[in-house]
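# Residue-level structural notes
Listed below, chain by chain, are the residues.
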Amino acid sequence: MCIRDSLYKGDESVRDSAYDSLKLYSILARNLEGKTCRAYYQPIIDTHTGEVVWFESLLRLRDQDGFYVSPSPFLPLATSTGLDSDITEFMLKEAFTALRKTPCDVSLNVTFKDLLMPEFEKSLFAYLKDAPASTTPLILAIIDPEALIAHEASRHFPHRSRAHTRPLALDHLVTPYH
């Protein structure tokens, strides 16, 4: 094998990887712009009583074949391109819509980065302000709790959220998204 052949193969894999990333980005952007992504609500069941304790809100994206799929393959790309903030904003809006329709708690997976973003906090507190008074909380499930625990700014977030009528709970997850 000559050097030219191995360089071509390397370029081909780079090209294929770039094509795959572009394809994923296109699907993700199309979902966010066209409002075709959906929030699905997975019931969390108390195994002792059989009752629904809360609903976990999960993002689903419509693929090129029209099927709704998990966002897992898209999340690293969303993070690297900044579309993760758009996803979080969409899911935040959907979670508050769900809270109006159910007597159960609703959880939303967020990152530590989300909690530090002024836009996220502004949107969250605006939704909290507009939400009817209730004892049913929105649960923010932190998918990267190590960063949250280690960062001083995270200690002030719960104090700022107490001024709102709807309860807000912070929880932590071991694994991100489903």
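Throughout, residues of each chain are indexed from 1 in the direction in which the sequence is written. Local features in this predicted model are restricted to residues of pLDDT 70 or higher, and side-chain atom pairs are both shown and tallied only at a pLDDT of 80 or more, whereas totals for entire chains, interfaces and linings draw on every residue. With hydrogens and water stripped out, all remaining heavy atoms of the structure feed into the side-chain values.

## Some points on the overall build of the chain
Only runs of H or I of at least four residues qualify as helices and only runs of E of at least two qualify as strands under DSSP, and these elements are numbered from the N terminus. Secondary structure assignment for the chain yields seven helices and six strands. Whether two residues are in contact is decided by their heavy atoms: any pair within 4.5 Å suffices. Sequence separation of at least 24 residues holds for 72% of the intrachain contacts in the chain that already meet a minimum separation of 6.

## Section: helix H5 (residues 118-130)
Because each turn of an α-helix spans 3.6 residues, side chains separated by three or four positions in sequence point in the same direction. Multiplying 1.5 Å by the residue count of a helix minus one yields the expected span of that helix. Under the 1.5 Å per step criterion, the end-to-end length of H5 is 18 Å for 13 residues, consistent within 8% with the ideal 18 Å. Of all the positions in H5, only Phe-120, Glu-121, Ser-123, Leu-124, Phe-125 and Leu-128 are classed as buried. Any residue under 20% of the maximum accessible area for its type is buried, any over 50% is exposed, and the rest in between are partly exposed; the area is computed with a 1.4 Å probe on protein chains only.

## A look at the pattern of salt bridges
Salt bridge, as used here: a side-chain nitrogen of Lys or Arg that lies within 4 Å of a carboxyl oxygen of Asp or Glu. For the coordinates displayed, the defined rule picks out one salt bridge. Measuring nitrogen to oxygen at the nearest pair gives 2.7 Å for the salt bridge that ties Lys-113 to Asp-84. Of this pair, Lys-113 sits in helix H4 (residues 112-116) while Asp-84 sits in helix H3 (residues 84-101), placing them 29 residues apart in sequence. For Asp-84, a relative accessible area of 12% corresponds to the buried category.

## As for the nonpolar core
Put simply, buried Ala, Val, Leu, Ile, Met, Phe, Trp, Tyr and Cys residues joined by side-chain atoms within 4.5 Å make one nonpolar core. Ranked by size, the top nonpolar core spans 31 residues in total, and within it Leu-28, Phe-96, Leu-124, Leu-138 and Leu-140 carry the most contacts. Those elements that provide at least two residues to this core are helix H1 (3-34), strand S2 (52-62), H3, strand S4 (105-110), H5 and strand S5 (138-142). Looking at which element gives the most residues to this core, the answer is H3, with eight residues.

## A few points about H3
Look at H3: 26 Å from first C-alpha to last across 18 residues, which is about the 26 Å you get at 1.5 Å a residue. Within H3, the full set of buried residues consists of Asp-84, Ile-87, Thr-88, Phe-90, Met-91, Leu-92, Ala-95, Phe-96, Ala-98 and Leu-99.

## With respect to the pairing of S4
For S4, the tally of buried residues reaches five of six residues, placing the bulk of the element in the interior. The pairing criterion is simple: DSSP has to find at least two bridges between the two strands. Here S2 runs beside S4; their pairing, made up of four bridges, is parallel. Within the sheet, the bridge partner assigned to Trp-54 lies in S4 and is Asp-105.

## With respect to the packing of H3 against H5
It is the contact of H3 with H5, at a shortest axis distance of 11 Å, that shows an interaxial angle of 15°. It follows from the interaxial angle that H3 and H5 lie roughly parallel. The handedness of the crossing between H3 and H5 is right-handed. When H3 is examined against H5, the residues Thr-88, Glu-89, Leu-92, Lys-93, Phe-96 and Arg-100 are found in contact with a partner set consisting of Phe-120, Ser-123, Leu-124, Tyr-127, Leu-128 and Asp-130. The residue makeup of the contact of H3 with H5, split by class, is six nonpolar, two polar and four charged. Note on geometry: axes are C-alpha line fits, over the in-contact stretch for helices, and angles between N-to-C directions span 0 to 180 degrees. An angle below 35 degrees is read as roughly parallel, one above 145 as roughly antiparallel, one from 65 to 115 as roughly perpendicular, and any other as oblique. By definition, turning the near helix anticlockwise from the far helix through less than a right angle yields a left-handed crossing, and turning it clockwise yields a right-handed one. Each residue receives one of three labels: charged for Asp, Glu, Lys and Arg, nonpolar for Ala, Val, Leu, Ile, Met, Phe, Trp, Tyr, Cys and Pro, and polar for the others, Gly being one of them.

## A few points about the pairing of S2
Pairing of strand S1 (residues 38-45) with S2 involves eight bridges; the strand directions are antiparallel. Residue pairing for S2: Ala-39 is matched across the bridge by Leu-59. From the end of S1 to the start of S2, which pair antiparallel, there are six residues, and Gly-50 there has a positive phi angle of about 80°. Note: S2 against strand S3 (residues 68-69), two bridges, orientation antiparallel. Pairing of Leu-61 across the sheet is with Val-69, part of S3. Turn length for the S2-S3 hairpin, with the two strands adjacent in sequence and antiparallel, is five residues, and the turn residue Gly-66 shows positive phi of about 90°.

## Some thoughts on the packing of aromatic side chains
By convention, a stacked pair of Phe, Tyr or Trp rings (six-membered ring in the case of Trp) has centres within 6.5 Å and planes under 30 degrees apart, an edge-to-face pair has planes over 60 apart, and any other such pair is tilted. Summed over all chains, the structure comprises two aromatic pairs. Taking the centre distance of 6.1 Å and the plane angle of 45° together, the rings of Tyr-40 and Tyr-68 count as tilted. Here Tyr-40 is found in strand S1, whereas its partner Tyr-68 is found in strand S3, with 28 residues between them in sequence. Here Phe-96 and Tyr-127 contribute two aromatic rings whose centre-to-centre distance is 5.3 Å and whose plane-to-plane angle is 15°, an arrangement assigned as stacked. You can see Phe-96 sitting in helix H3 and its partner Tyr-127 sitting in helix H5, a full 31 residues away along the chain. Under the relative-accessibility criterion, Phe-96 is labelled buried at 2%.

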